[in-house]
Amino acid sequence: MRLSLLLLLFLVAPAAAQLVAPPVVTKLSPDFYSQSCPRAERIIAEVVQAKQMANPTTAAGVLRVFFHDCFVSGCDASVLIASNQFAKSEHDAEINHSLPGDAFDAVVRSKLALELECPGVVSCADILSLASRVLVTMTGGPRYPVPLGRKDSLSSSPTAPDVELPHSNYTVDHLIQLFGAKGFTVQELVALSGAHTLGFSHCQEFATRLYNFRDKGGKPEDFDPTMNPSYAKGLQVVCKDYLKDPTIAAFNDIITPGKFDNMYFVNLERGLGLLSTDEELWTDPRTKPLVQLYASNSTAFFDDFGRAMEKLSLYGVKTGADGEIRRRCDTYNNGPVPK
């Protein structure tokens, strides 16, 4: 993966359809493994922290995989299922093609370590939830509760992600509708968007803001005029060959890309938002006050983000006979259960 950041820092540093929401399950407990696998959280933390130190984009990747998992049928590790010649999975959805391998590797390594310690006990869904919290905290973000006891899914849809996940060109209206259909408020939408303080986006996700841009009246512009001019021109240089090389990307937060902080929101005020959805959050009157709050008050952002992540981690959880504890995170124990 080629991340062209130095040029951008030099240039700007001075400066949905109605969906039926699965139920939010709350019959979980942070102490779920206290007897059956008391070292579970420590083992996961050791594995993913080592992975993050070796590959600093791991935190953003795990967070993205966690969101893509939870927002599609619930937090059930369905996104981890690998496709095979007999059945497709969420991996085949176009929006999931760019999910980073380092994130999946962090979960797989954690599972292998746990299977040595307490085989058949800790679900892959719980591993992904805990790994996300560990990495948020490790990169400077808040520590929030993670109730445990999820089961892993018995199915994985190759079509649902492209329908249920937000896309980079969605309007705020569409985002509010999508999140609202799953029981999330506008405040939670904005708080969760703050996860873009980590990670990167491929140029194809924001190229329409850089090349052949036209305003609402059809007038051609050199780039989206809502963007900081130096930032936009720098991105044009970085992304000029994105059609030849789709792996070219830029950091979502060019100021502190490896730190979990509130700089994402500060950047929006400065015209340094990367995606069109970022700019939408800044300009829409329903979301702008929250962007301003989080830009000026990191404690408020951390508190709201932590609460939103805890709520997200409970979305659509599978328990009892509705799921299983996979022996391997990328495959079912006995094959998928037809719906």
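Residues numbered from 1 in each chain as written. Predicted model: local features only at pLDDT ≥ 70, side-chain atom pairs only at ≥ 80, totals over all residues. Heavy atoms only, no water.

A few words now on the packing of aromatic side chains. Enumeration according to the criterion identifies 17 aromatic pairs in this entry. Summarising the aromatic geometry, the rings of Phe32 and Tyr33 are spaced 5.0 Å apart at their centres and angled 85 degrees between planes, so their arrangement reads as edge-to-face. Residue Phe32 is classed as partly exposed on the basis of its relative accessible area of 45%. The buried category is assigned to Tyr33, whose relative accessible area is 4%. Each ring, one from Phe71 and one from Phe184, has its centre 6.2 Å from the other, and the planes form 35 degrees; the classification is tilted. Taken as a pair, Phe71 in the loop between α3 (58-70) and α4 (101-117) and Phe184 in the loop between α7 (172-181) and α8 (186-193) lie far apart in primary sequence, 113 residues in all. Phe184 shares its class with Phe71; the two are buried. One aromatic cluster in this structure is built from Phe260, Tyr264, Phe265, Tyr294, Phe301, Phe302 and Phe305. (Phe/Tyr/Trp six-rings, centres within 6.5 Å; stacked < 30°, edge-to-face > 60°. Buried < 20%, exposed > 50% of the residue type's maximum accessible area, 1.4 Å probe, protein only. Helix = DSSP H or I, 4+ residues; strand = E, 2+ residues; numbered from the N terminus.)

Bringing α3 into the picture now. Here α3 spans 18 Å end to end across 13 residues, near enough to the 18 Å set by a 1.5 Å rise per residue. For α3, the tally of buried residues reaches 12 of 13 residues, placing the bulk of the element in the interior. Burial in α3 covers these residues: Thr58, Ala59, Ala60, Gly61, Val62, Leu63, Val65, Phe66, Phe67, His68, Asp69 and Cys70. Looking at the buried residues of α3, the elements they touch are α2 (40-54), α4, α5 (124-138), α7 and α13 (298-313). (Expected span 1.5 Å × (residues − 1). Contact = heavy atoms within 4.5 Å.)

This next bit is on the state of the cysteines. Per the counting criterion, the structure on display carries 4 disulfides. Between the sulfur of Cys37 and that of Cys118 lies a disulfide, 1.9 Å long from S to S. Placement of the pair is Cys37 in the loop between α1 (6-12) and α2 and Cys118 in the loop between α4 and α5, with a sequence separation of 81 residues. Per residue, the accessibility class of Cys37 equals that of Cys118, and both read buried. Covalently, Cys203 is tied to Cys239 through a disulfide, its sulfur atoms 2.1 Å apart. With the S-S bond torsion at -70 degrees, the cross-link from Cys203 to Cys239 turns out left-handed. Taken together, the positions of Cys203 in the loop between β1 (200-202) and β2 (213-214) and Cys239 in the loop between α9 (229-238) and β4 (249-251) put the pair 36 residues apart, joining distant regions of the chain. Given the relative accessible area of 1%, Cys203 is considered buried. By relative accessible area, Cys239 is classed as buried at 0%. (Disulfide = S-S within 2.5 Å.)

The positions that UniProt labels "domain: Plant heme peroxidase family profile" (unreviewed entry) are, in the present scheme, residues 27-333. Spanning residues 27-333, this segment combines 43% helix with 3% strand, and its end C-alpha atoms are found 24 Å apart. (UniProt positions renumbered as here; feature names shortened; annotations may be inferred.)

Further remarks concern the UniProt feature "binding site: substrate" (unreviewed entry) in the protein. In the UniProt entry, the feature "binding site: substrate" (unreviewed entry) is given for Pro166. Checked against the element boundaries, Pro166 lands in the loop between α6 (160-164) and α7. Apart from the residues within four sequence positions on either side, Pro166 is in contact with Phe67, Phe71, Ile95, Leu175, Leu178 and Phe179.

For the protein, the assigned domains are domain 1 (39-163) and domain 2 (167-313). One C-alpha centre belongs to domain 1, the other to domain 2; they are set 23 Å apart. Together domain 1 and domain 2 conceal approximately 1,900 Å² of surface at their shared face, both sides included; 74% is due to carbon and sulfur atoms. Considering only the surface of domain 1 that becomes buried against domain 2, Phe71, Thr139 and Pro142 emerge as the three largest contributors, covering 29% of it. Linking domain 1 with domain 2 are 0 salt bridges, by the criterion used here. Inspection of the domain 1/domain 2 interface yields 4 residue pairs in polar contact (both at pLDDT 80 or more). In terms of residues, the side of domain 1 that touches domain 2 owes the most to one element, α3, which gives 6 residues. (Domains from an automatic or database assignment. Buried area = accessible area lost by both parts, 1.4 Å probe. Salt bridge = Lys/Arg side-chain N within 4 Å of Asp/Glu carboxyl O. Polar contact = N/O pair within 3.5 Å; in protein donor to acceptor, adjacent residues only side chain to side chain.)

Among the nonpolar cores identified, the biggest contains 78 residues, and Leu80 and Leu312 are the most heavily contacted of them. In terms of residue count, α5 provides more of this core than any other element does, 9 residues in total. Looking at this core, you find at least three residues from each of domain 1 (39-163) and domain 2 (167-313). Discounting residues that sit within four places of it in the chain, Leu80 has contacts with Val65, His91, Phe104, Val107, Cys124, Arg326, Cys329 and Asp330. (Core = buried A, V, L, I, M, F, W, Y, C linked by side-chain atoms within 4.5 Å.)

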